[in-house]
Amino acid sequence: MNQNTFRAFKSHNYRLFFVGQSISLLGTWMQKTAVSWVIYSYTNSKTMLGLSVFATLMPSALFTSLGGVVSDRYDRYRVLLATQVLSMAQALLLTLVVYYKNNAVWEIIGLSVLLGIINGFDVPARQSLVFSMVDDKKDLPNAVALNSSMVNLSKLLGPAIAGVAIAHWGEVVCFGINALSFVAVIGSLSLIRLPKHITKERTQNILGDLKDGIKYVKETPSIGFIILMLSAISLFGLPFTTLMPVYAKDIFNGTAKTFGFIDSAIGLGAFIGAIFLASLKPETNLSKVLAINTFVFGFGLILFSHTTIYPLALLFIMIGAFGMMSQVTISNTLIQTSVAPAMRGRVISLFVMSYSAMVPIGSLLVSTVTKYIGVQNTILGEGVLALFIGVVHLRFLHKPMGAKTSPPEGLDIR
C-alpha cells in the first residue's frame, strides 16, 4: 500500500457509501455461500448447483439493460435506495422460507430469481453513482478499485463466517444476518448529500434510449472491445466458482467449513489483487496490467485444477483469483473514464450484462461438461481458455483504452 491506495476516501459521500456497502456485502456473501451449500446438500446435484447460480445472474442480465436506461433517465440515488429496500425484503423472505420449510430448493431458486431482477436495476445505478460521489474525478479509478477491494474483502470474510455459522447454528442464520445488514447501507445512503437531481425532458421512449446506448458502444471501438473480452472471460473463465462446492465435498472430502475456506481463499486473492490495483499510480497502463493478469488467472486455474493437496490448492486458487480481479475491475475503470457522462448508466448496464449473462450460461455449461470430462479437467480447460484470451489481449490491447471518447453523431445523450 502507498499514499495512492485510499485517496478516494477524501470524498465524504464516498466514505459513507463505502462503509454502508461494506457491511451489506458481508451479509450478501454469507447468503450466497449458504444458498450454494443448501442447494448442493439438499440435491447433491451439480446441475442444480449451476441452476442456482443461473437463477440469480440470468434475470439480472436480462433486466440490467432496462436498469441502465432507468439509471440515466431518473434519479440514480433514489433508484439505488429503492433497490436496497427491496433486497432487504428478499433476504427476509428467504430467511422465513428456510426457517419454516425443509428442502425448500425451488422456493430458494424462486427468490434467487427475484433478487436477480432487483440487481438488474441496482448495479447500473450503484456503479453510475460512484462517479457523483467522488469529488476529484482523478480519483475515480481509485474509487472503482476500492469498490472491488470492498467486494473481495467481503468474499474473504463472508464465506468463512458463513461456514462457521452453518456448522454451529444452521443456514438460516446467514440469511437473517444478510437481512439485517441492509440497515447499514440504507442508513449510510440516507446521510449522503448529492446535488438535487434535475429531470430532463426526453424526446424518445425507453426503447429509443436503449438503442442509443447500444449504438454508442458499437461506434466506440475501445469500449466495445472491453465488453467483448469481458464477455469471453465471463463465459469461459469466471464460472469456475460454480464447482467449488464439488471440490470441497467430493475432492477434499470436506464440510461447509472446507467450502467456506476455499471461497475465502478466492476472496483473499481477489482482495490482494484489488488493493494492488488501488495502489497503482494514475498514469499506469491499465490495458497492459489487464493482459498480464489474464495470464495469471489462467495459470492459477491450471495449477489448482488437479491439485489434491488442500493447502497447496488454496494457494493456487488465490493466485488465480488475484488475476481474476483485474477482469472486471480494470474493465470497469476503463469504461468509467471513457464513457460520455449522459451515457454512463446505459453503457455500464451493457458492461454488467456482458458478464452477468455469460457467467450463468457458463455455469450451466461447466456443470454439463463435468459429466463428460470430470470436474478437474473442466477447471483445467477453463484455465487454458483464459490463457488464450490473454493472448488476444496482448495482440489487441496495445492501444490506450483510457482516452476520452466523444459520442457518435446522432445520439440523444441528454
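Up top is the structure these notes are about.
Structural notes, computed from the coordinates. (Residues numbered from 1 in each chain as written. Predicted model: local features only at pLDDT ≥ 70, side-chain atom pairs only at ≥ 80, totals over all residues. Heavy atoms only, no water.)

1. Describing a nonpolar patch on the surface
Together, Leu62, Phe63, Leu66, Tyr74 and Ile206 give the surface a local cluster of nonpolar side chains, amounting to about 430 Å² of exposed area. Considering every element that reaches the nonpolar patch, the biggest residue donor is helix 2 (residues 46-73), with three residues. Note that Tyr74 resides in the loop between helix 2 and helix 3 (76-100). Tyr74 sits in the partly exposed class, given a relative accessible area of 44%. (Patch = residues over 30% accessible without salt bridge, like charges linked within 9 Å, V, L, I, M, F, W, Y side chains within 5 Å. Areas by Shrake-Rupley, 256 points an atom, 1.4 Å probe, with all protein chains shown as cover. Salt bridge = Lys/Arg side-chain N within 4 Å of Asp/Glu carboxyl O. Helix = DSSP H or I, 4+ residues; strand = E, 2+ residues; numbered from the N terminus. Buried < 20%, exposed > 50% of the residue type's maximum accessible area, 1.4 Å probe, protein only.)

2. Regarding the packing of helix 8 (residues 221-236) against helix 15 (residues 375-396)
Between two packed helices, both the angle of their axes relative to each other and the distance between the axes serve to describe the pair. Where helix 8 contacts helix 15, the axes come no closer than 9 Å and their chain directions differ by 170 degrees. By the angle between their directions, the pair helix 8 and helix 15 is classed as roughly antiparallel. Here the hand of the crossing between helix 8 and helix 15 comes out left-handed. Residues Phe225, Met229, Ala232, Ile233 and Phe236 of helix 8 lie in contact with helix 15, whose contacting residues are Glu382, Leu385, Ala386, Ile389, Val392, His393 and Phe396. Among the residues making up the contact of helix 8 with helix 15, the classes are represented as ten nonpolar, one polar and one charged. (Axes fitted to C-alpha atoms, helices over the stretch in contact; angles between N-to-C directions. Parallel < 35°, antiparallel > 145°, perpendicular 65-115°, else oblique. Left-handed = near helix turned anticlockwise from the far one by under 90°. Contact = heavy atoms within 4.5 Å. Nonpolar A, V, L, I, M, F, W, Y, C, P; charged D, E, K, R; others polar.)

3. Quick word on unusual backbone geometry
Within the chain, Asn44 stands out as a residue other than glycine whose phi angle is a positive 55 degrees. Mapped onto the elements, Asn44 comes out in the loop between helix 1 (12-43) and helix 2. Positive phi, close to 55 degrees, is recorded for Asn103, a residue that is not glycine.

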